[in-house]
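Below, each chain spelled out in residue letters.
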Protein chains: 2
Amino acid sequence: MGNVGRWQPDSRGRLQEAALVLFAERGFDQTTAAEIAARAGLTERTFFRHFADKREVLFGGSDLLKDRIVSGVSGAPASDGPLDAVARGLDAAAAMLGQFRRDLSRKRQAVISANPELRERELAKIADYAAAVAAVLRDRDVGEPQATIAAEAGMTLLRVALERWGSAYDDRDLTTTMRDTITELRAVAVAVDG
Amino acid sequence: MGNVGRWQPDSRGRLQEAALVLFAERGFDQTTAAEIAARAGLTERTFFRHFADKREVLFGGSDLLKDRIVSGVSGAPASDGPLDAVARGLDAAAAMLGQFRRDLSRKRQAVISANPELRERELAKIADYAAAVAAVLRDRDVGEPQATIAAEAGMTLLRVALERWGSAYDDRDLTTTMRDTITELRAVAVAVDG
DNA sequence: GAGAGTGATGTCTGCAACTGTCATCACAGC
DNA sequence: GCTGTGATGACAGTTGCAGACATCACTCTC
């Protein structure tokens, strides 16, 4: 497994690191895949062996996060309503994401926010989570359209909470922000008068 | 304005039509911009003058729809709560989208659903609506994070409702489906027990 | 009504994002 | 030592897209 000898180890990680640095310095558009690869001591072709496209280099742990969310939801007690179950998934997400250094998260988020193509990709990733969560809810005998609605609304909250957390105005725990965001949705959904 | 003489009229429309046909026939990836242009009696370069990139050709009326939604929200009575106001925007969207021939909508939606890049773009468009709606809500003195949450949740509902409406299992009015979807969200948000 | 825009188009050129294919070479197992 | 395997490099090719410039019907102006 670990290619310890012929090549430098962890090509993938080096590419991710190099990409983040270069994107932050010059911007996504002004950085070519070849430049990232060169900075990591590799070739362009190797870059595209590790990442399906240039954007993916910023979304490395995405599948892992999805698994955590799905586990969180499927592990919710049967007595939980759909949105409660989704909230467990969000807790799991917060626990995982909260362990990264906040400045790095912010840097990454800043790069993504600065570029439309990257924002697109982020939305697509989260939509993928939503589909997976909806499937889990259906396994828990939540019907349609409730399953889809709860899952999509929940992933929307993940996005909003992450944005709040990443902003300069929110220095709370990610878990706290996440839970607060859910509460806000419940309030907004019920409110009838302004 | 109308270039009636030297060139065939409505280049833009012809490109959109040609693209939809070719995408439906061979798929998005297997269709080059040059082929679309040729089918419309134009050149590749002209294609990219009308559309910023290959995907945009499928999202022609997007800005118009955004305007309708925004107008709907800003026209809501002051007594409306945030989600009620957003619901007016969704009604406006339904009114506009419902006037297209349903089979054409389905064809377009099928093309988009079949391709990840196009789904990405669709998500990005809707995220753009959400940002605009949130801004309108803030103008209506809805605070943060309520404005963002209501707007994002609302646009999520737009997406879900459109998908339901496009599916074979829902033959109701788009407005009906849209309203029903909002009701479902309210129910899901309140429910505490499964 | 001739001459100067103007706007939509075509042509030509070039870069960068990917992709397919084949070669290489350290290491692993036999 | 021989052979397989996996990660990489080298090279060539297609396509998405953008800049620069030419064209030419139509319009506006004097």
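Everything in this summary refers to the structure shown in the same document. As the structure is a prediction and not an experimental result, all values here were calculated from the model.

Examining empty space enclosed by the protein
Here is step 1 of the chain: Within the structure shown, the criterion is met by 1 cavity of 30 Å³ or more.
Here is step 2 of the chain: Estimated volume of the largest cavity: approximately 160 Å³.
Here is step 3 of the chain: Lining of the largest cavity is provided by 15 residues; of these, Leu123 and Arg159 of chain A together with Leu123, Thr156 and Arg159 of chain B occupy positions nearest its centre.
Here is step 4 of the chain: At the level of secondary structure, the elements contributing two or more residues to the lining of the largest cavity comprise α7 (116-139) and α8 (146-166) of chain A together with α7 (116-139) and α8 (146-166) of chain B.

Description of the protein's contact with DNA strand C
Here is step 1 of the chain: In the vicinity of DNA strand C there are 23 residues, among which Arg6 and Arg45 of chain A together with Ser11, Thr46 and Arg49 of chain B approach most closely.
Here is step 2 of the chain: Contacts to DNA strand C include Lys54 of chain A, whose backbone N or O atom sits 2.9 Å from a phosphate oxygen.
Here is step 3 of the chain: Contact between DNA strand C and Arg49 of chain B: a base oxygen at 2.5 Å from a side-chain N or O atom of the residue.
Here is step 4 of the chain: Counting residues per element, the ones that place at least two in the surface near DNA strand C are α3 (44-50) of chain A together with α3 (44-50) of chain B.
Here is step 5 of the chain: For the surface near DNA strand C, the residue count by class is 5 nonpolar, 9 polar and 9 charged.

Focus on the packing of aromatic side chains
Here is step 1 of the chain: For the structure on display, the rule yields 6 aromatic pairs over all chains.
Here is step 2 of the chain: On the basis of an interplanar angle of 50° and a centroid distance of 5.6 Å, the ring pair of Phe47 of chain A and Phe51 of chain A is categorised as tilted.
Here is step 3 of the chain: Given the relative accessible area of 0%, Phe47 of chain A is considered buried.
Here is step 4 of the chain: Arranged with centres 5.1 Å apart and planes meeting at 80°, the rings of Phe47 of chain B and Phe48 of chain B form a pair that is edge-to-face.
Here is step 5 of the chain: A residue is classified by how much of its surface remains accessible, and Phe48 of chain B, at 33% relative accessible area, is partly exposed.
Here is step 6 of the chain: Through a chain of ring-to-ring contacts, the aromatic side chains of Phe47, Phe48 and Phe51 of chain A assemble into a single cluster.
Here is step 7 of the chain: Directly above the ring of Phe28 of chain A sits Lys54 of chain A, whose terminal nitrogen or CZ lies 4.2 Å from the centroid.

Rules used in this analysis
- Residues numbered from 1 in each chain as written.
- Chains lettered and ligands numbered in written order.
- Predicted model: local features only at pLDDT ≥ 70, side-chain atom pairs only at ≥ 80, totals over all residues.
- Heavy atoms only, no water.
- 1 Å grid on protein atoms, 1.4 Å probe; cavity = no way out; pocket = protein on both sides within 12 Å on 5 of 7 lines; lining within 4 Å.
- Points joined across faces, edges and corners; volume = space filled by probe spheres on them.
- Helix = DSSP H or I, 4+ residues; strand = E, 2+ residues; numbered from the N terminus.
- Near = heavy atom within 4 Å.
- Polar contact = N/O pair within 3.5 Å; in protein donor to acceptor, adjacent residues only side chain to side chain.
- Nonpolar A, V, L, I, M, F, W, Y, C, P; charged D, E, K, R; others polar.
- Phe/Tyr/Trp six-rings, centres within 6.5 Å; stacked < 30°, edge-to-face > 60°.
- Buried < 20%, exposed > 50% of the residue type's maximum accessible area, 1.4 Å probe, protein only.
- Lys NZ or Arg CZ within 6 Å of the ring centre and 35° of its normal.

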